[in-house]
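Single-letter residue listing:
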Amino acid sequence: MKQTIDELHDVTVEDILKAHHLLKDVITHTPLQKNEQLSEKYECNVYLKREDLQVVRSFKIRGAFNKIKQLETVQTKNGIVCASAGNHAQGVAYSCKQLKIHGKIFMPSTTPRQKVSQVELFGKEYVEIILSGDTFDDAYQRAMQCKEEEQRIFIHPFDDVDVIAGQGTVAVEILNDIDVQVDYVLASVGGGGLISGVGTYFHAISPSTKMIGIEPEGAPALYNSRAQDEVITLDKIDKFVDGAAVKKVGEKTFEICKDVVEEVLLVPEGKICTTILDLYNENAIVAEPAGAMSIAALDFMRDKIKGKNVVCIVSGGNNDIGRMQEIKERSMIYEGIQHYFIVNFPQRAGALREFLDEVLGPNDDINRFEYTKKNNKDKGPALVGIELKQREDYHSLLQRMKKKGFYYTEVNKDSNLFHLLI
């Protein structure tokens, strides 16, 4: 099917306002909350746009419903199809059930089970879920194949003007709800749909507001594309931030971002994990990795935002509790309090007891210990995980190991060894 002129034009404020009117009885007008704790920490006014409280626990319902609702009946007689890492799938599934349209939804096989279950819950009998490949890009290729073979309409997760306009309604609500001038808006970036829509509206209505895109360090698709002034495809990505881990941003979203995005920041996955835990422990907010990115970025903007009014879009809250152990571990490693070593114990009696008594500090704790040679424990090195009370204790731990003759390899500093063993 050839693209129409409407599909090729840039997203306008009028498109976003039309979407806002169309969605007002379908979605939740999510709260904009000033967070006193974050405001005090960063010496500014931090407001959280709580899209984690959306009807499908992410902003994706906005773009999906806006797109599907505008399709004519003849276009949907064979159904629709989409590819998603999770949140777009939920938005499409919800829309399919509401509008009674059949949808095929392709998701990476690595998608957290919680998100797959939510898609099933929202779509019921109107959706069929196919898990395919390891990344969004793999699922996307299968979905495009299905589109051609079954003549279904493809609902793009980000690179579509109606989808972008729907995501832009987040900005309408922010400006309707806030009573101060917004200096910065921080938004997570996967394919670029959210920041393109929000940025378009702010650029027109509040041009002094600076849009800051936040990407995970392991998937810098927009960051690298901006550096080369063209859309590039990443060779590999870290899939941990599943809601934002894409190898390639959209063509449309890239062009829009060139006009409306001030800066793109990369945030380490470990820092995102620390933020997830802090949000839960200190604010009772359940944020998924992509949803926590905007808040994680505040540390890297501390000087710029001092005294300013900052809006962080908490883009989603679909976090699988089964991932919490991994999240905690990544956080501890990033914060410098969790370390792994391959330790070669001296071949003398009482070496292990000496390690415990004279190498470990009084506040250190061994939280993993296993011999690497199961059939020769007396002579085989051991994998030792050590949790420190504070990161400053690390160098003194190394000094004590050297002094006592415990030869070691730092697993944290060898990425291949780390992924193999940990």
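Details of the structure are given in the entry above.
Residues numbered from 1 in each chain as written. Predicted model: local features only at pLDDT ≥ 70, side-chain atom pairs only at ≥ 80, totals over all residues. Heavy atoms only, no water.

Student: What is the right way to look at the sheet that holds strand β12 (residues 365–371) in this model?
Tutor: What links the strands of a sheet is backbone hydrogen bonding, and the strands pair in either a parallel or an antiparallel sense. Strands sit in the order β12-β13-β11-β14 across an open sheet of four strands; the sheet is antiparallel. Edge positions in the open sheet fall to β12 and β14 (407–410), since each of these has one partner strand only. Between one strand axis and the next, the sheet turns through 25° on average, direction left out of account. Strand direction decides the pairing type here: strand β11 (residues 338–344) and β14, joined by four bridges, are antiparallel. What sits directly across from N344, in β14, is Y407. Contacts from helix α15 (residues 324–334) reach β11, β12 and β13 (382–387), with the element oriented near 80° to β11. (Pairing = 2+ DSSP bridges. Helix = DSSP H or I, 4+ residues; strand = E, 2+ residues; numbered from the N terminus. Axes fitted to C-alpha atoms, helices over the stretch in contact; angles between N-to-C directions. Contact = heavy atoms within 4.5 Å.)

Student: Just checking my understanding: could you explain the nonpolar core for this structure?
Tutor: Grouped together as the largest cluster of nonpolar side chains are 52 residues, with contacts concentrated most on V185, V198, F202, V311 and I313. When residues in this core are grouped by element, the largest group, seven residues, is from helix α8 (residues 161–177). If we ignore the near neighbours within four places in the chain, the residues touching V311 are L32, Y47, K49, I174, I178, V182, Y184, V185 and L186. (Core = buried A, V, L, I, M, F, W, Y, C linked by side-chain atoms within 4.5 Å. Buried < 20%, exposed > 50% of the residue type's maximum accessible area, 1.4 Å probe, protein only.)

Student: Can you walk me through the packing of aromatic side chains in this structure?
Tutor: Two numbers describe a pair of aromatic rings. These are the distance of the centres and the angle of the planes. In total, this model carries twelve aromatic pairs according to the counting rule given. Ring geometry for Y94 and F122: centres 6.1 Å apart, planes at 70°, overall edge-to-face. Taken together, the residues span a long stretch of sequence, with Y94 in helix α5 (residues 87–99) and F122 in helix α6 (residues 113–123) at a distance of 28 residues. Of the two residues, Y94 and F122, neither departs from the other in class, the shared state being buried. Relative to F369, the ring of F345 lies with its centre 6.0 Å away and its plane at 50°, an arrangement referred to as tilted. Here F345 is found in the loop between β11 and α16 (351–359), whereas its partner F369 is found in strand β12, with 24 residues between them in sequence. Exposure remark for F345: the relative accessible area of 12% places this residue in the buried category. With relative accessibility at 30%, the residue F369 sits in the partly exposed group. Members of the aromatic cluster, each reached through a chain of ring pairs, are F345, F355, F369, Y371 and F406. It is R323 that lies over the ring of F240; its NZ or CZ is 4.9 Å from the centre. Directly above the aromatic system of F240 lies the positively charged group of R330, at a separation of 4.3 Å from the ring centroid. (Phe/Tyr/Trp six-rings, centres within 6.5 Å; stacked < 30°, edge-to-face > 60°. Lys NZ or Arg CZ within 6 Å of the ring centre and 35° of its normal.)

Student: Could you clarify how one ought to interpret empty space enclosed by the protein in this entry?
Tutor: Over the atoms rolls a probe the size of a water molecule, and in doing so it shows where empty space is left. Within this structure, the stated rule accounts for one cavity of 30 Å³ or more. Estimates place the volume of the largest cavity at around 310 Å³. Around the largest cavity, the lining comprises 27 residues; the ones closest to its centre are K60, G190, G191, G243 and A244. Among the secondary structure elements, those contributing two or more residues to the lining of the largest cavity are α5 and α9 (193–205). (1 Å grid on protein atoms, 1.4 Å probe; cavity = no way out; pocket = protein on both sides within 12 Å on 5 of 7 lines; lining within 4 Å. Points joined across faces, edges and corners; volume = space filled by probe spheres on them.)

Student: I keep staring at the sheet that holds strand β1 (residues 32–34) and nothing clicks. Help me out?
Tutor: Read across the open sheet, the six strands follow the order β1-β2-β10-β7-β8-β9; overall the sheet is mixed. Two strands bound the open sheet, and with one partner strand each, they are β1 and β9 (261–267). Strand-to-strand twist in this sheet, taken as the mean axis angle between neighbours without regard to direction, amounts to 25°. Inspection of the sheet shows strand β8 (residues 210–216) paired to β9 by six bridges, in the parallel sense. When the bridges of β9 are listed, I214 appears paired with L265.

Student: How should the pattern of salt bridges be read in this particular structure?
Tutor: Between side chains of opposite charge, a pair can form as their charged atoms come close. Following the criterion strictly, the structure yields 27 salt bridges and no others. In this structure, the salt-bridge partner of E288 is K115, at a minimum N-O distance of 3.0 Å. On the criterion of sequence distance, the pair formed by E288 in the loop between α12 (269–283) and α13 (289–296) and K115 in helix α6 is long-range, its members being 173 residues apart. Neither E288 nor K115 differs from the other in exposure class; each is buried. Among the charged side chains, a network of salt bridges with common partners joins K49, E51, R62 and E173. (Salt bridge = Lys/Arg side-chain N within 4 Å of Asp/Glu carboxyl O.)

Student: What is the right way to look at the environment of F406 in this model?
Tutor: Relative to the elements of secondary structure, F406 occurs in the loop between α17 (394–403) and β14. A residue is classified by how much of its surface remains accessible, and F406, at 1% relative accessible area, is buried. Counting along the chain gives 62 residues from F406 to N344, while the straight-line C-alpha distance between them is 6.1 Å. Ignoring any residue separated from it by four or fewer positions in sequence, one finds F406 in contact with V343, N344, F345, P346, R348, A351, E354, F355, V359 and M401.

Student: Quick question: what am I supposed to make of the pairing of strand β7 (residues 184–188) here?
Tutor: Successive residues of a regular strand alternate their side chains across the two faces of the sheet. In terms of burial, β7 is largely enclosed, as five of its five residues are buried. As paired elements, β7 and β8 share five bridges and run parallel to each other. Looking at the pairing, S188 lines up with I214 of β8. Taking the sense of rotation as the criterion, the β-α-β connection linking β7, α9 and β8 turns out right-handed. Here β7 runs beside strand β10 (residues 309–314); their pairing, made up of three bridges, is parallel. (Right-handed = clockwise from strand over helix to strand, strands pointing away.)

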